[in-house]
Amino acid sequence: MSDDVTQRLTVEGVDPLALAGVNDANLIELTKRMGVRVSLRGDSLTLQGPAAAVERASPVAQAMVDLARMGEELDIHDVERLALEGSSSTLSGEAAQQELKIILPGLRRVIGPKSAGQRDYLQLITQNDIVVGIGPAGTGKTYLAVAAAVDALARKRVRRIVLARPAVEAGESLGFLPGDLHEKVDPYLRPLYDALEDMMPRDRVQKAIESRTIEIAPLAYMRGRTLADAFVILDEAQNATGMQMKMFLTRLGVNSRAVITGDKTQIDLANREDSGLLQIERILPGIDGIGFCYLTETDVVRHRLVRDIIRAYAEDAQG
């Protein structure tokens with residue numbers, strides 16, 4: 001049509017397969033979502049269509065290019081998420097992306113934010129000594145925190161990583177579980193091992209654990225210690241009691257930083273109001289050096305259905 005416009009974005013240095021997807025699935029999804037014709041030729045990504053549609057599609061396409069340039073393998077769920085975020089909150093510019101890019105030692109991988117919420121979360125982690133990340137499953141709260149910790153260790157900003165979780169829902173009553181202590185706590189700590197092993201070669205993870213450069217332990221084991229020169233992560237913090245949370249926060253020593261992650265919809269304590277996460281949400285905002293980040297279903301980076309399921313549960317709770 002005569003009123004159609006054309007815009008070209010440079011994709012120099014970008015892996016075409018990472019950007020376009022298998023059988024151009026990502027470009028097809030962009031076409032479907034934004035109502036523009038998309039073609040990838042040489043070093044150019046071309047958008048064609050009505051001026052308003054091209055204007056809406058351009059920042060989404062640029063965000064796709066930026067992510068692919070960082071080494072991310074995009075899929076149609078990433079395209080959908082970027083399209084839903086829209087031009088107002090799309091990942092803006094290569095410079096901002098480079099700033100938040102985490103290059104994993106020993107692996108040819110780069111980790112960066114895939115949504116506006118994740119970008120804000122990583123930004124807060126770089127700017128604050130304590131960050132509280134609150135949001136539903138699948139938003140990358142733990143994964144990005146572990147990536148930031150591995151990055152800090154690799155850059156020698158800290159000397160060790162400490163990862164903690166409340167071991168059992170209401171009181172870490174491990175005595176009722178079968179096996180020795182390691183076997184009892186392992187199921188609760190396994191997600192932290194999984195995140196680490198996704199970011200470091202397994203033998204390096206094992207050596208770091210043996211040398212206590214990396215420590216993964218139930219929250220109760222933090223009592224009475226001072227954690228200096230450490231990047232400390234408290235995962236599943238919604239199941240820490242108020243007393244446990246205070247104990248954890250007062251462990252921080254010189255040159256230490258902490259990230260606390262939790263999901264307020266997954267509190268397993270007998271009395272919901274006992275949750276230390278809810279308590280710090282009330283009493284800590286406004287303290288300089290402590291940042292709060294709220295992730296939502298729009299930041300979910302697992303399967304698209306996870307976001308829809310979270311939304312359905314939220315609507316049911318309200319209804």
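Located above this text is the structure these notes cover.
Heads up: these notes are all about the structure in this document. Because the structure is a prediction, the values reported are computed rather than measured.

**Some details on the pairing of strand β10 (residues 257-262)**
Among the six residues in β10, six count as buried, and that is most of the element. Residues R257, V259 and T261 of β10 are buried on one face, and the alternating residues A258, I260 and G262, pointing to the opposite face, are buried as well. The sheet contact formed by strand β6 (residues 130-134) and β10 spans five bridges and is parallel. In the sheet register, V132 faces β10, and the bridge partner there is I260. Bridge count for strand β9 (residues 230-234) against β10 is four bridges, and the pairing is parallel. When the bridges of β10 are listed, F231 appears paired with R257. Regarding the hand of the β-α-β motif, the stretch spanning β9, helix α10 (residues 242-249) and β10 is right-handed.

**So, the packing of helix α6 (residues 116-127) against helix α7 (residues 141-154)**
Interaxial distance between α6 and α7 falls to 11 Å at its minimum, and their mutual angle equals 35°. Crossing hand, α6 versus α7: right-handed. The residues of α7 that touch α6, namely those facing Q118, Y121, L122 and I125, are K141, L144, A145 and A148. Residue classes in the contact of α6 with α7 are distributed as six nonpolar, one polar and one charged.

The rules we used
Residues numbered from 1 in each chain as written. Predicted model: local features only at pLDDT ≥ 70, side-chain atom pairs only at ≥ 80, totals over all residues. Heavy atoms only, no water. Buried < 20%, exposed > 50% of the residue type's maximum accessible area, 1.4 Å probe, protein only. Helix = DSSP H or I, 4+ residues; strand = E, 2+ residues; numbered from the N terminus. Pairing = 2+ DSSP bridges. Right-handed = clockwise from strand over helix to strand, strands pointing away. Axes fitted to C-alpha atoms, helices over the stretch in contact; angles between N-to-C directions. Left-handed = near helix turned anticlockwise from the far one by under 90°. Contact = heavy atoms within 4.5 Å. Nonpolar A, V, L, I, M, F, W, Y, C, P; charged D, E, K, R; others polar.

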